[in-house]
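Breakdown of the fold
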Amino acid sequence: MTAAHFDLTGKVAIVTGGNGGIGLGMALGLAQAGAAVAIVGRNEAKSMAAITELRAGGARAISVTTDVTDKTAVAAMVARTLGELGRIDILVNNAGINIRKPPHALELAEWESVMKTNLTSAFLCSQAVHPAMKQAGGGKIINIGSMMSIFGASFAPAYAASKGGIVQFTRSCAVAWAADNIQANAVLPGWIDTDLTKRAREQIDGLHDKVLARTPAARWGVTADFAGIAVFLASPASDFVTGTAIPVDGGFSIMG
């Protein structure tokens, strides 16, 4: 094993929801390993701040403002990335939202919004990059699941369903596109200190202390914890790893 196994020089990555949180942590890791990065999100100002940070580290980076639930917009995003960066080797499907309500209180529109943003977007983006990856001789798809891919939660019926779906969708892509030398894997974050979980701590009494008590690492995760797993799953080091769902959770999911 050498540094070349993790070298992404000359590769191009798309990171949806890459302008903050886990997505930005992954984008920074990919850039540090040599990849050019297209940051895809709806908040243009936030995306511009992200690419400024990436460029400050020496990376090629562009911002593509896109609604990843819209097929036409996704096609345009892929075309622009190909036009400006020349190829697509890596896709990180990280865009996601949550609406915290029990099943009996969730509106249909809320259910559909979460499913479209978290799951349908991964389908649309993966389908859209497949031709470019196949033409390039291979590629890497990294889908962001959750602890809710494994566990149930009274306050997250749509989110949990979408993240469970992410794991099964990942496995389908892994099998379908193995002949094209495309590896697809899922990452299952534990409790990570992001804007999304800050709201969770405001809405769920005692959450902070409960997470610390159950996590063997005895801390919340930080976005920098996702740089390494992103580089591994995007690099030649993982060429024989596909269809997996890897927790990055400080041991939360195996705590007895």
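About the thresholds
- Residues numbered from 1 in each chain as written.
- Predicted model: local features only at pLDDT ≥ 70, side-chain atom pairs only at ≥ 80, totals over all residues.
- Heavy atoms only, no water.
- Pairing = 2+ DSSP bridges.
- Helix = DSSP H or I, 4+ residues; strand = E, 2+ residues; numbered from the N terminus.
- Axes fitted to C-alpha atoms, helices over the stretch in contact; angles between N-to-C directions.
- UniProt positions renumbered as here; feature names shortened; annotations may be inferred.
- Buried < 20%, exposed > 50% of the residue type's maximum accessible area, 1.4 Å probe, protein only.
- Phe/Tyr/Trp six-rings, centres within 6.5 Å; stacked < 30°, edge-to-face > 60°.
- Lys NZ or Arg CZ within 6 Å of the ring centre and 35° of its normal.
- Contact = heavy atoms within 4.5 Å.
- Polar contact = N/O pair within 3.5 Å; in protein donor to acceptor, adjacent residues only side chain to side chain.
- Disulfide = S-S within 2.5 Å.
- Salt bridge = Lys/Arg side-chain N within 4 Å of Asp/Glu carboxyl O.
- Parallel < 35°, antiparallel > 145°, perpendicular 65-115°, else oblique.
- Left-handed = near helix turned anticlockwise from the far one by under 90°.
- Nonpolar A, V, L, I, M, F, W, Y, C, P; charged D, E, K, R; others polar.

1. A look at the sheet that holds strand E2 (residues 36-41)
Strand pairing within a sheet occurs via backbone hydrogen bonds; the two strands may be parallel or antiparallel. Pairing is parallel in the open sheet, where seven strands are placed in the order E3-E2-E1-E4-E5-E6-E7. Either end of the sheet is taken by a strand with one partner, and the two such strands are strand E3 (61-65) and strand E7 (245-248). Across this sheet, the average inter-strand angle for adjacent strands is 20°, counted without regard to direction. Pairing analysis gives four bridges linking strand E4 (residues 90-93) to strand E5 (residues 139-144), with the strands arranged parallel. Opposite Val92, over in E5, you have Ile142 as the bridge partner.

2. Things to note about the UniProt feature "domain: Ketoreductase" (unreviewed entry) in the protein
According to UniProt, the positions carrying the feature "domain: Ketoreductase" (unreviewed entry) are residues 11-180. Taken end to end, residues 11-180 is 52% helix and 15% strand, and its first and last C-alpha atoms sit 17 Å apart.

3. Describing the pairing of E2
By the criterion of burial, E2 is predominantly enclosed, with six of the six residues buried. The alternating pattern of E2 places Ala36, Ala38 and Val40 and Val37, Ile39 and Gly41 on opposite faces, both of which are buried. Direction of pairing for strand E1 (residues 12-16) relative to E2: parallel, over a ladder of five bridges. Residue pairing across strands places Ile14 opposite Ala38, the latter belonging to E2.

4. Thoughts on the packing of aromatic side chains
Two numbers describe a pair of aromatic rings. These are the distance of the centres and the angle of the planes. Per the stated rule, a full pass over the model turns up three aromatic pairs. Ring plane angle 65° and centroid distance 5.7 Å describe the contact between Trp191 and Trp220, whose orientation is recorded as edge-to-face. Of this pair, Trp191 sits in the loop between strand E6 (182-189) and helix H6 (195-203) while Trp220 sits in the loop between helix H7 (207-214) and helix H8 (227-234), and the two are 29 residues apart along the sequence. Each member of the pair Trp191 and Trp220 is classed as buried. Here the guanidinium or amino end of Arg201 rests over the ring plane of Trp220, the centre of that ring lying 4.0 Å away.

5. Considerations on the environment of Asn118
With respect to the helices, strands and loops of the structure, Asn118 is situated in helix H4 (residues 108-136). What makes Asn118 buried here is its relative accessible area of 2%. Asn118 sits 54 residues away from Val64 along the chain, and the two C-alpha atoms are 18 Å apart. Non-local contacts of Asn118, meaning those with residues more than four positions away in its chain, are made with Ala95, Gly96, Ile97, Tyr159, Ser162, Lys163 and Ile166. There is a polar contact of 2.8 Å between the side chain of Asn118 and the backbone nitrogen of Ile97.

6. Things to note about the state of the cysteines
Applying the stated criterion to the full structure yields zero disulfides. Of all cysteine sulfurs, the one in Cys173 lies closest to Cys125, which takes part in no disulfide; the gap is 12 Å.

7. Some points on the pattern of salt bridges
Pairs can form between side chains of opposite charge once their charged atoms are near each other. If you walk through the whole model with that rule in mind, you get seven salt bridges. The shortest N-O distance in the salt bridge between Lys101 and Glu110 comes to 2.8 Å. Salt bridges linked by common partners bring Asp193, Lys198 and Arg201 together as one network.

8. Thoughts on the packing of helix H1 (residues 21-32) against H8
Interhelical geometry of H1 versus H8 gives an angle of 55° and a closest axis separation of 7 Å. It follows that H1 is oblique to H8 by the angle criterion. For H1 against H8, the interelement crossing comes out right-handed. Mapping the contact onto sequence places Gly25, Met26, Gly29 and Leu30 in H1 and Ala227, Ile229, Ala230, Val231 and Ala234 in H8. Here the residues of the contact of H1 with H8 sort into seven nonpolar, two polar and no charged.

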